[in-house]
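# Breakdown of the fold
Residue-level listing of the chains:
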Amino acid sequence: TTSAAVATARAIEDVSDNKADIKWVNDIYIEDKKVCGILTEAAFNMETGKLDYAIVGIGINICFPEGGFPSDIEHIATAVFDKNSDSINKRSILVAHLLNYFMDYYENFESKSYVEEYINRSMIIGRDISVINGSQTQNAKALEIDNDCRLKIQYPDGTEKWLNSGEVSIRVMK
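My aim in this report is to walk through the structure given alongside it, one point at a time. Sequence order as written defines residue numbering, which begins from 1 separately in each chain. In keeping with the predicted nature of the model, local features appear solely for residues at pLDDT of at least 70, side-chain atom pairs appear and are counted solely at 80 or more, and the whole-chain, interface and lining totals rest on all residues. Hydrogens and water molecules were not included; the side-chain quantities draw on all heavy atoms of the structure.

On to the packing of aromatic side chains, then. Classification of ring pairs uses Phe, Tyr and Trp, with its six-membered ring standing for Trp, and accepts pairs whose centres are within 6.5 Å; under 30 degrees between planes counts as stacked, over 60 as edge-to-face, and the remaining range as tilted. For the coordinates displayed, the defined rule picks out three aromatic pairs. Between Phe 64 and Phe 69, the aromatic rings sit 5.6 Å apart at their centres with planes inclined by 65°, giving edge-to-face as the arrangement. Relative to Tyr 114, the ring of Phe 109 lies with its centre 5.8 Å away and its plane at 25°, an arrangement referred to as stacked. Judged by its relative accessible area of 40%, Phe 109 falls in the partly exposed class. The buried label goes to any residue with under 20% of its type's maximum accessible area, the exposed label to any with over 50%, and the partly exposed label to all in between, with areas taken from a 1.4 Å probe on protein chains only.

As structure tokens, this is what we get:
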């Protein structure tokens, strides 16, 4: 998921004038608005303890929809290209760049060459966030991301915790 996020951010920047940031763990943002979500489904072999397979899904808002985004997400969603852009041709170039970057990371996965860029592209380090765990939400501060792409957070009472996965929001709950 994290290598796919870096590949996607780099590809978006290659074909547009947009700076792409990463919201831990799997969302891409442009100017504090979500442009892409990434989901990974994986299965491990119980006998070997190794990964059997992983499926990565990447959803990118290429263009603004006709009439704009629905009112419930218009303030939090954006697209890579505006309506005046040659998005049809650029979409193919974006996908080609994304796949090239991703395959390079995949083929050299053990080197973790994407990790430094993943950390540098983080949009949440130092920000107040909400940590979502099922139906519970807790406010916290995002402190750092380590070389295993875990997120270190600090709760208001000073307790610190490393998150391996989960959902965080940059909109702090009141």
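What follows picks up the thread again.
To form a nonpolar core, buried Ala, Val, Leu, Ile, Met, Phe, Trp, Tyr and Cys residues must be joined to one another through side-chain atoms within 4.5 Å. If you look at the biggest cluster of nonpolar residues, it comprises 44 residues, and the most contacted ones within it are Trp 24, Ile 28, Tyr 118, Ile 124, Ile 129 and Leu 151. For this analysis, residues touch if any pair of their heavy atoms sits within 4.5 Å. Ile 28 has contacts with Ala 5, Thr 8, Ala 9, Ile 12, Ala 20, Asp 21, Ile 22, Lys 33, Lys 34, Val 35 and Cys 36, leaving out every residue within four places of it along the chain.

As paired strands, strand β3 (residues 33-44) and strand β4 (residues 51-60) are joined by nine bridges and run antiparallel to one another. Bridged to Leu 39 within β4 is Gly 57. What sits between the antiparallel neighbours β3 and β4 is a turn of six residues, in which Gly 49 has the positive phi angle 75°. Being paired, for any two strands, means DSSP has found at least two bridges between them. The helix count covers DSSP runs of H or I at least four residues long, the strand count covers runs of E at least two residues long, and both are numbered beginning at the N terminus.

Expected helix span is taken as 1.5 Å per residue step, with the number of steps being one fewer than the number of residues. Taking 1.5 Å of rise per residue, the 14 residues of helix α1 (residues 2-15) would be expected to cover 20 Å, and the 21 Å separating its terminal C-alpha atoms lies within 8% of that figure. Among the residues making up α1, those that are buried are Thr 2, Ser 3, Ala 4, Ala 5, Val 6, Ala 7, Thr 8, Ala 9, Ala 11, Ile 12 and Val 15. Its buried side turned inward, α1 meets β1 (21-23), β2 (27-30), β3, β4, α2 (87-107) and α3 (115-120).

Next up on the list: the pattern of salt bridges. One side-chain nitrogen of Lys or Arg within 4 Å of one carboxyl oxygen of Asp or Glu is enough to make a salt bridge. Following the criterion strictly, the structure yields eleven salt bridges and no others. With its nearest N and O atoms 2.4 Å apart, the salt bridge here joins Lys 19 to Asp 21. For Lys 19, a relative accessible area of 54% translates into the label exposed. Among the ionic pairs, Lys 152 bridges to Glu 144, the shortest N-O distance being 3.8 Å. You can call Glu 144 partly exposed: its relative accessible area is 36%.

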